[in-house]
Amino acid sequence: MLQVSALDLFYGDAQALAGVSLDIAAGEIVAIVGANGAGKSSLIRAIHGIETPARGTVRFDGTDITGWPSYRVCETGIGHVAEGRQVFPNLTVLENLEMGAVLKRARAAEKATLERVLAMFPRLAERRKQSAGTLSGGEQQMLAIGRCLMGQPRLIMFDEPSLGLAPAIVQEMFRIIRGLNEEGLTILLVEQNVMASLRIAHRGYVLENGRIELQGAGSELLSNDRVRQAYLGL
Ligand code: ATP
């Protein structure tokens, strides 16, 4: 479904991604794990057209989308739940969700999708008239996911969805991601929480200093000595 080939990305002279290649088949959960500054967000941003790679290609369903502006990438069915949630704090929960349905691909089904999202997240339904800035961190993360779902994505890229959340909410977040996958959504999950993300991922890639250093099944990576020493402290 998604095929990234030999991607190079620079910020000025600094290289953030070097020859990054990965692929995701429909129905998979694929995790990209790595330390702070490894290039995980840069990779998502390059796929999403927020950053422009110097070299390499991004293909979605066989179409070369490299360098497309973000709104066009979204229209293909790629959703992005950004790091730090990025909800509109002064808009209500409902208004935030409606913003997610501005995509052409999502407009016709907006009402039905809204009902589905509110049923999936009862806390959001209860707080639909409240401004998003008054929600807890976990509720804002759910709102960010709900807003993304309003755009009818087929692939969702999550950037550090567990960051800054209490442990119980982190577990809930991973349960939600797994549930979305079981409903048929394909997931690219970028995380510093290596253990939890490799546990739910079918496959994973380890990104270090802008390069893919290891790849394999989630369970394989969890038992890899290098991963255990560098990321799990075992
Ligand atoms: P984190 O978990 O901290 O977000 P990350 O793995 O997502 O880390 P990136 O945010 O992609 O890593 O950063 C990769 C490298 O690119 C880092 O060295 C970072 O300092 C640098 N970088 C990221 N964004 C920019 C930018 N807008 N301008 C210049 N350098 C940047």
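Values in this document were obtained by computation on a predicted structure and should not be read as measured data.

This part covers the sheet that holds strand β3 (residues 29-33). Sheet strands line up and pair through hydrogen bonds in the backbone, either parallel or antiparallel. Across the sheet, six strands lie side by side as β6-β7-β8-β3-β9-β10; this open sheet has mixed pairing. Unpaired on one side and paired on the other, β6 (78-81) and β10 (211-217) mark the two borders of the sheet. On average, each strand axis in the sheet is inclined to that of its neighbour by 15°, with strand direction left out of account. Relative to strand β8 (residues 186-191), strand β7 (residues 155-159) runs parallel, the two being bridged by five bridges. Within β8, the position partnered with Asp 159 by the bridge is Val 190. Set on the sheet, helix α1 (residues 40-47) makes contact with β3, β6, β7, β8 and β9 (203-208); between it and β7 the angle comes to about 150°. The strands touched by helix α8 (residues 167-182) are β3, β7 and β8; relative to β8, the strand with the most contacts, the crossing angle is about 155°.

With that settled, consider the site of the ligand. Around the ligand, a shell composed of 13 residues is seen, among which Asn 36, Gly 37, Lys 40, Ser 41 and Ser 42 lie nearest. A distance of 2.9 Å separates an oxygen atom of the ligand from a polar backbone atom of Gly 39. The separation between an oxygen atom of the ligand and a polar side-chain atom of Glu 83 is 3.4 Å. Per-element tally for the shell around the ligand: the top contributor is α1, with three residues. When grouped by side-chain class, the residues that make up the shell around the ligand number four nonpolar, six polar and three charged.

This part is about the domain arrangement of the protein. Along its sequence, the protein is organised into domain 1 (1-77 + 154-234) and domain 2 (87-153). Computed over C-alpha atoms, the centres of domain 1 and domain 2 are 23 Å apart. Residue-level contacts link 19 residues of domain 1 with 15 residues of domain 2. Arg 116 serves as the salt-bridge partner of Glu 183, at 3.6 Å between the closest nitrogen and oxygen.

Our focus in this paragraph is the packing of aromatic side chains. Taken as a whole and judged by the stated rule, the model has zero aromatic pairs. The lysine or arginine in question, Arg 72, covers the ring of Trp 68, its NZ or CZ lying 3.7 Å from the ring centre.

Okay, unusual backbone geometry next. You will see that Asp 61, though not glycine, has its phi angle at about 50°, which is positive. Taking relative accessible area as the criterion, Asp 61 reaches 46% and is therefore assigned partly exposed. Phi is positive for Gln 152, which is not a glycine, with a value near 55°. Structurally, the position occupied by Gln 152 is in the loop between α7 (137-150) and β7.

The strand order β2-β1-β4-β5 describes an open sheet built from four strands, whose pairing is antiparallel. One side of each edge strand has no neighbouring strand; the edge strands of this open sheet are β2 (14-24) and β5 (63-64). Relative to strand β4 (residues 55-60), strand β1 (residues 2-11) is paired through five bridges, and the arrangement is antiparallel. In the sheet register, Leu 2 faces β4, and the bridge partner there is Phe 60. Running at roughly 115° to β1, α1 makes contact with β1, β2 and β4 of the sheet.

Cut-off values and rules
- Residues numbered from 1 in each chain as written.
- Predicted model: local features only at pLDDT ≥ 70, side-chain atom pairs only at ≥ 80, totals over all residues.
- Heavy atoms only, no water.
- Pairing = 2+ DSSP bridges.
- Helix = DSSP H or I, 4+ residues; strand = E, 2+ residues; numbered from the N terminus.
- Axes fitted to C-alpha atoms, helices over the stretch in contact; angles between N-to-C directions.
- Contact = heavy atoms within 4.5 Å.
- Near = heavy atom within 4 Å.
- Polar contact = N/O pair within 3.5 Å; in protein donor to acceptor, adjacent residues only side chain to side chain.
- Nonpolar A, V, L, I, M, F, W, Y, C, P; charged D, E, K, R; others polar.
- Domains from an automatic or database assignment.
- Salt bridge = Lys/Arg side-chain N within 4 Å of Asp/Glu carboxyl O.
- Phe/Tyr/Trp six-rings, centres within 6.5 Å; stacked < 30°, edge-to-face > 60°.
- Lys NZ or Arg CZ within 6 Å of the ring centre and 35° of its normal.
- Buried < 20%, exposed > 50% of the residue type's maximum accessible area, 1.4 Å probe, protein only.

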